[in-house]
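Residue strings, one per chain:
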Amino acid sequence: MADLTTDFIGIRSPNPFWLASAPPTDKEYNVRRAFDAGWGGVVWKTLGAEGPPVVNVNGPRYGVIHGADRRVLGINNIELITDRPLQTNLDEIARVKRDYPDRAMIASIMVPCEEEAWKAILPRVEDTGSDGIELNFGCPHGMSERGMGSAVGQVPEYIQMVAEWCKHYTHLPVIVKLTPNITDIRKPARAAKAGGADAVSLINTINSITAVDLDDFAPEPTIDGKGSHGGYCGPAVKPIALSMVSEIARDPETRGMPISGIGGVTTWRDAAEFIALGCGNVQVCTAAMTYGFKVVQEMTAGLSRYMDEKGYASIEDFRGRAVPNVTDWQHLNLNYVTKARIDQDACIKCGRCYAACEDTSHQAVAMSADRTFTVVDEECVACNLCVDVCPVEDCITMERLEAGTTDPRTGRIVQAEPADWTTHPNNPGSPNYVPAGQDTMVSEPAE
Ligand SMILES: Cc1cc2nc3c(=O)[nH]c(=O)nc-3n(C[C@H](O)[C@H](O)[C@H](O)COP(=O)(O)O)c2cc1C
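Note that the structure is predicted; figures quoted are calculated from it, not measured. (Residues numbered from 1 in each chain as written. Predicted model: local features only at pLDDT ≥ 70, side-chain atom pairs only at ≥ 80, totals over all residues.)

Chemist: Help me understand the nonpolar core, please; the structure alone is not making it clear to me.
Modeler: Within soluble globular proteins, side chains that are nonpolar generally end up buried alongside one another. If you look at the biggest cluster of nonpolar residues, it comprises 90 residues, and the most contacted ones within it are Val42, Ile133, Val176, Val200, Val245 and Ala271. Here this core takes six residues from helix H7 (residues 238–250), the largest share from any one element. Filtering out sequence-adjacent residues up to four positions away, Val176 remains in contact with Leu135, Phe137, Ile159, Ala163, Ala192, Ala197 and Val200. Core analysis: the second largest hydrophobic core is formed by 18 residues, Val337, Ala364, Leu385 and Ile396 among them. (Core = buried A, V, L, I, M, F, W, Y, C linked by C-beta atoms within 7 Å. Buried ≥ 20, exposed ≤ 12 C-beta atoms within 10 Å, placed from the backbone. Helix = DSSP H or I, 4+ residues; strand = E, 2+ residues; numbered from the N terminus. Contact = placed C-beta atoms within 7 Å.)

Shown next, in the form of structure tokens:
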């Protein structure tokens, strides 16, 4: 049976599933129940500085995007960091860690960007017996207007400076949690590394307004007729998170830096994808808020089964395996040619593939009088839209043309050798550049 234990920057946990800093980790009652359900670790709801706690709104904090079946696809929240006194949280963290010594306990912290503020809180957190700290440089609302959260995470120099303070004032491992509300995620990650941080975690939530009430003309969630942007998370943000994780995993300056993957992890498969892109573990919020703590049991069972099937004894056996396959567009093989194929037995004759292709793509799906849909190879550019809009899984698939056969669309023989844009004759920067008016296809014309 696969070994799910992880050692993330020296922090051991029985499985790679940690609860992200958020309402599920807000207090002792929750975290005890989470650990009893099987979570490997938690990042406690973000702690603020000593003094009067922040005050949350008393109206709705969340706005949700639902799928057609009312499944939660994304949550937008306008909640702040913990609104309970610092000492209450610290006492609870200490008690829970004492009673669950094999679980990872990370304290998330957000205090003003002043050395004294960090110097003051770090020893108090250390005293709780926490295994590490996570610097919340990600919250995009409420706290950022006060110069914290994403206001720090958007300035690499601040990230580096605070990371340096933390490495100076505590011996605990330091995880920098990154905001996705930035153009190039590699810059804050590099700054975290330069500041001596042990790891990065990402993503925090994305600036968002989920809807506008068309009677009141107010953004949702609406607080007495007004709304502000919140932070978006859940399954909808996973593609953004995966892309950002991959950028950090393959950047020469941050390659190999430990990453805790966050953003839309709902199933074991999501977690495995983050791990394949180099993450040492994953953090989960929305899935727990939607399905409850026991969802972790499906995650651990599924991951374990997958690893057994593949013969991976430990997480390290497949961690990062997808990283070498993430490349830049110009290195994709332009000699890889596919065509859509429709399984007539599976087709329910709904015509979505036809409508999508006929109206918005390449007129490559033909419809007969009896509503039989077939692919016109002479027109099919293999965009995949028909596959994507078809409501029947695996009804339409893409089939690769063998090398040596002729692509009916271009009339050219498909080449076995890969060829990419860097050497393409249409690319003015390529050594093979052929000026306009001359033959510019990669594949050889058919005899
Ligand atoms: C209601 C709510 C409150 C959150 N509060 C915090 C917080 O205090 N500190 C923090 O670092 N992240 C906070 N987050 C962000 C989550 O930790 C996580 O980064 C984000 O939800 C993405 O993960 P998910 O897609 O699994 O939800 C919060 C998220 C939600 C939904």
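Read on, since the account is not over.
Chemist: Please explain the packing of helix H5 (residues 156–169) against helix H6 (residues 186–194) as it appears in this structure.
Modeler: If you want to describe how two helices pack, look at the angle between their axes and the distance between the axes. One can describe the packing of H5 onto H6 by two numbers: an axis separation of 7 Å at closest approach and a directional angle of 25°. By the criterion of interaxial angle, the relationship of H5 to H6 is roughly parallel. For the crossing formed where H5 meets H6, the hand is right-handed. On the side of H5, the interface is formed by Pro156, Ile159, Gln160 and Ala163, while H6 contributes Lys187, Pro188, Ala191, Ala192 and Ala194. Across the contact of H5 with H6, the residue classes tally to seven nonpolar, one polar and one charged. (Axes fitted to C-alpha atoms, helices over the stretch in contact; angles between N-to-C directions. Parallel < 35°, antiparallel > 145°, perpendicular 65-115°, else oblique. Left-handed = near helix turned anticlockwise from the far one by under 90°. Nonpolar A, V, L, I, M, F, W, Y, C, P; charged D, E, K, R; others polar.)

Chemist: I tried to follow the sheet that holds strand E14 (residues 230–233) on my own but got confused; where do I start?
Modeler: In any sheet, the strands associate via hydrogen bonds between backbone groups, in a parallel or an antiparallel arrangement. If you walk across this open sheet you meet the four strands as E5-E6-E14-E11, and the pairing is antiparallel. The open sheet has two free edges, formed respectively by strand E5 (62–66) and strand E11 (206–208), since each of these has just one partner strand. Going across the sheet, the axis of each strand differs from the next one's by a mean of 35°, ignoring polarity. Relative to strand E6 (residues 72–77), E5 runs antiparallel, the two sharing five bridges. Residue pairing for E6: His66 is matched across the bridge by Val72. (Pairing = 2+ DSSP bridges.)

Chemist: It is not clear to me how the domain arrangement of the protein should be interpreted in this structure. Could you clarify?
Modeler: Along its sequence, the protein is carved into domain 1 (6–325) and domain 2 (329–445). On a C-alpha basis, the centres of domain 1 and domain 2 stand 40 Å from each other. (Domains from an automatic or database assignment.)

Chemist: When you look at unusual backbone geometry in this model, what are you seeing that I'm missing?
Modeler: Backbone phi values are negative for most residues with the exception of glycine, while trans is the configuration of most peptide bonds. Look at the link from Leu202 to Ile203: it is a cis peptide, with omega at 15°. With respect to the secondary-structure elements, Ile203 resides in the loop between strand E10 (199–202) and E11. A cis amide bond links Glu220 to the next residue, Pro221, at an omega of 0°. Residue Arg371 is not a glycine yet carries a positive backbone phi of 60°. Relative to the elements of secondary structure, Arg371 occurs in the loop between strand E18 (365–367) and strand E19 (373–375). Judged by the 12 C-beta atoms lying within 10 Å of it, Arg371 is exposed. For Asp394, which is not glycine, the phi dihedral falls at a positive 65°. Relative to the helices and strands, Asp394 is located in the loop between helix H12 (385–389) and strand E20 (396–400).

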